[in-house]
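Observations on the model geometry
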Amino acid sequence: MTVDGGPRLTTSQAARRGRVIQAALELGADGGYEAVQMRDVATTAGVALGTIYRYFSSKDHLLAETLVEWARELGQKVSRKPPKGEHLSERVVDVLRRAIRGMEIQPKLSEAVVTALTSTDPHAARCQREVGDVMTGIIASAFPDDFDAHTRDDIARVLGHVWFSSLVGWVNRWYGINHVGDEVEIAAHLLLDQYH
């Protein structure tokens, strides 16, 4: 494993980094964005404060990395249990609703990571791109193999934007979590029903 394209981490470094991410997840799940204080993360992870900054430039970078890890785990789950639905739009909605359910289960943590992902921290911005790429791949997995790859990737990217902007609206309390699912479902049908 590497950090931001740097040298590979040793096994013990990767374990420390993993403990830091796990500590941030726990603190975020309990108290949201404000509860993730780097000193508390260090204590919970059993590492020195300086160790955290070796791997993460800021709280936003750390929390954004947790969303990258979550998105990768979602991708693995989707590959083990493929999307359901007779039509393409139904399969895509199934994938996106799974992502939303995963965030709904831990609303404080979801709020923390989405808040961090909107940060201007350059390392968080890299995580934004990575989450976008992972989500595009997850959405693309719902498409048939013979679907035009360029069109598939464009549609998946647009749906990822709808998903993320709807999450931002939920985090900012513009509307409830059900609205996020409704928005992505509307977008999926508008973009994909033409391919029945």
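Anything mentioned here points back to the structure above.
Residues numbered from 1 in each chain as written. Predicted model: local features only at pLDDT ≥ 70, side-chain atom pairs only at ≥ 80, totals over all residues. Heavy atoms only, no water.

**Quick look at the packing of aromatic side chains**
Scanning the entire structure with this criterion turns up 5 aromatic pairs. Relative to tyrosine 195, the ring of phenylalanine 147 has its centre 4.8 Å away and its plane inclined at 70 degrees; by these criteria the two rings are edge-to-face. Separated by 48 residues along the polypeptide, phenylalanine 147 in the loop between α7 (122-140) and α8 (149-171) and tyrosine 195 in the segment after α9 (177-192) bring together distant segments of the chain. Of the residues examined, tyrosine 195 reaches a relative accessible area of 36% and is grouped as partly exposed. Grouped by ring-pair contacts, the aromatic residues Phe143, Phe147 and Tyr195 constitute a single cluster. The ring of tyrosine 33 is capped by lysine 59, whose NZ or CZ atom sits 3.9 Å from the centre of that ring. (Phe/Tyr/Trp six-rings, centres within 6.5 Å; stacked < 30°, edge-to-face > 60°. Helix = DSSP H or I, 4+ residues; strand = E, 2+ residues; numbered from the N terminus. Buried < 20%, exposed > 50% of the residue type's maximum accessible area, 1.4 Å probe, protein only. Lys NZ or Arg CZ within 6 Å of the ring centre and 35° of its normal.)

**A word on α8**
The first and last C-alpha atoms of α8 sit 32 Å apart over 23 residues, in line with the 33 Å expected at 1.5 Å per residue. Listed in full, the buried residues belonging to α8 are Ile155, Ala156, Leu159, Gly160, Trp163, Ser166, Leu167, Val168, Gly169, Trp170 and Val171. Residues of α8 that are buried in the fold lie against α4 (59-80), α5 (88-105), α6 (107-117), α7 and α9. Two residues or fewer past α8, arginine 173 is found with a positive phi of approximately 60 degrees. (Expected span 1.5 Å × (residues − 1). Contact = heavy atoms within 4.5 Å.)

**Describing the pattern of salt bridges**
A complete count under the given rule lists 11 salt bridges for this structure. Notably, a salt bridge pairs arginine 152 with aspartate 153, separated by 3.0 Å at the nearest N-O pair. Among the charged side chains, a network of salt bridges with common partners joins Arg17, Glu65, Glu69, Arg72, Arg126 and Glu130. (Salt bridge = Lys/Arg side-chain N within 4 Å of Asp/Glu carboxyl O.)

**Things to note about the environment of asparagine 172**
Tracing the sequence through the fold places asparagine 172 in the loop between α8 and α9. Overall, the relative accessible area of 44% leaves asparagine 172 in the partly exposed class. When the C-alpha atoms of asparagine 172 and glutamate 111 are compared, they prove to be 8.6 Å apart, with 61 residues separating the residues in sequence. Among the polar contacts made by the side chain of asparagine 172, one reaches the main-chain carbonyl oxygen of valine 168 at a distance of 2.9 Å. (Polar contact = N/O pair within 3.5 Å; in protein donor to acceptor, adjacent residues only side chain to side chain.)

What is shown is where atoms sit, not what they do.
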